[in-house]
Amino acid sequence: MTTDAFPATMPTEKPTDRPLSAAMARMYDLWNPYEDRGNEFYSNFYYSRLTGLGPADGASRRDPSKVLKFGDTYYVWYTRRKTASAPVGYFPAAAYIPDDVPATDWDLADICYATSRDGFHWEEQGVAVGRNVEGAYASRSLSTPDILVVNGKFYLFFQAFTGRFTKEKGDHCDVSMAWADSPDGPWTRLDQPVVPLGTENDWDGGAIHDPYPLVYKGQIWLYYKGEPPANLRGSTSIVRAQGVAIADHPEGPYRKSPLNPVTNSGHETCLYPYREGIAAILIKDGPEKNTVQYAPDGLNF
């Protein structure tokens, strides 16, 4: 067995004439020496610096939607919070904390939008969809929007929070929407959920987050992240997974798939039509995080 140095040109087959470290053996046994470049989902990306949407004015901007182009202008929608106080964490139920103090970075937020001519230099245009009046549905915070255009009409889906963020209920919200005839609005809120929470014993009974609408098979497929109630989350529960609700029209009614959850991992998952099915980029949470997956029927990834 050779003891020469490992060759500069990576062998395409696992060498048998030399000892291999665990990492090098694993590369051949589980992966391959060319980083799976033959896989049709193999890709690389890089970050580009943007201007106009930073924190210089004291606002927090996060959770951008798909970027869409209309004419010569790019549009993006996102969560914006601008409060005098920084987030302090989830509130104990019995504690008195002023209503203008945010619990999280996405508390006391609205859906804002910005435009750009080149995709790199942006100008904020203001609030697209704001919170409802105090005491009404979706009065506490709106966050994590995504956009869909169907038959020339614009639909914004977002997380809708009603009531304070507490340790007992956690990130408790459902998904609602607003619509407009132009990307610049004005927007009309639905003021009710389009995808309701499951029961207290369901995988999506605690929160429905990150709506991601697509047009697929002539219908509206609204993918979302579900969470069980805060008191049921633990080391043995599925903390976050993806489900889908399907409707014939953007306004609904939406029917949850009986196969939900359709993934076992993911957080703010990116999905897109690919060939005859749906591809998904899963990040951050779960046993299959940081993977690209494909479902030929949009359900079985």
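As the structure is a prediction and not an experimental result, all values here were calculated from the model. (Residues numbered from 1 in each chain as written. Predicted model: local features only at pLDDT ≥ 70, side-chain atom pairs only at ≥ 80, totals over all residues. Heavy atoms only, no water.)

Participant: What's the story with the sheet that holds strand β6 (residues 141-150) in this structure? I'm lost.
Facilitator: Consider a sheet: its strands pair through backbone hydrogen bonds, and that pairing is either parallel or antiparallel. Spatially, four strands are ordered β6-β7-β8-β9 in an open sheet, and the strand pairing comes out antiparallel. Pairing within the sheet leaves two strands with one partner each, and these edge strands are β6 and β9 (188-189). Looking at chain direction, strand β7 (residues 153-161) and strand β8 (residues 174-180) are connected through seven bridges and run antiparallel. By the bridge assignment for β8, phenylalanine 154 is matched with alanine 180. (Pairing = 2+ DSSP bridges. Helix = DSSP H or I, 4+ residues; strand = E, 2+ residues; numbered from the N terminus.)

Participant: Even after reading the chapter, I still don't get the environment of isoleucine 246, so can you show me in this structure?
Facilitator: For isoleucine 246, the position within the fold is in strand β12 (residues 241-247). Looking at isoleucine 246, the relative accessible area reads 13%, which means it is buried. Taking the C-alpha atoms as reference, isoleucine 246 lies 9.7 Å from valine 195; in sequence the two are 51 residues apart. Setting aside residues no more than four positions away along its own chain, isoleucine 246 makes contact with Gln219, Ile220, Trp221, Pro253, Tyr254 and Arg255. (Buried < 20%, exposed > 50% of the residue type's maximum accessible area, 1.4 Å probe, protein only. Contact = heavy atoms within 4.5 Å.)

Participant: Even after reading the chapter, I still don't get the packing of aromatic side chains, so can you show me in this structure?
Facilitator: The geometry of an aromatic ring pair is captured by two quantities: the separation of the ring centres and the angle between the planes. In the structure shown here, the tally under the stated rule is 18 aromatic pairs. Ring centres of tyrosine 274 and tyrosine 294 lie 6.0 Å apart, and the angle between their planes is 85 degrees; this geometry places the pair in the edge-to-face category. One end of the pair, tyrosine 274, is in strand β14 (residues 270-274); the other, tyrosine 294, is in strand β16 (residues 291-295), and 20 residues separate them in sequence. Since its relative accessible area comes to 23%, tyrosine 294 is described here as partly exposed. (Phe/Tyr/Trp six-rings, centres within 6.5 Å; stacked < 30°, edge-to-face > 60°.)

Participant: Explanation requested: the sheet that holds strand β11 (residues 219-227) in the structure shown.
Facilitator: An order of β10-β11-β12-β13 is seen for the four strands of this open sheet, with the pairing classed as antiparallel. The outermost strands of the open sheet, each flanked by one partner alone, are β10 (207-216) and β13 (255-256). Bridge count for β10 against β11 is eight bridges, and the pairing is antiparallel. By the bridge assignment, proline 213 is partnered in β11 with leucine 222.

Participant: Would you mind showing me how to read the side chain of aspartate 63 here?
Facilitator: Its location among the elements puts aspartate 63 in the loop between β1 (60-62) and β2 (68-70). A distance of 3.0 Å separates polar atoms of two side chains, one belonging to aspartate 63 and the other to threonine 79. In contact with aspartate 63, not counting residues within four places along its chain, are Trp77, Tyr78, Thr79, Thr144, Pro145 and Glu268. (Polar contact = N/O pair within 3.5 Å; in protein donor to acceptor, adjacent residues only side chain to side chain.)

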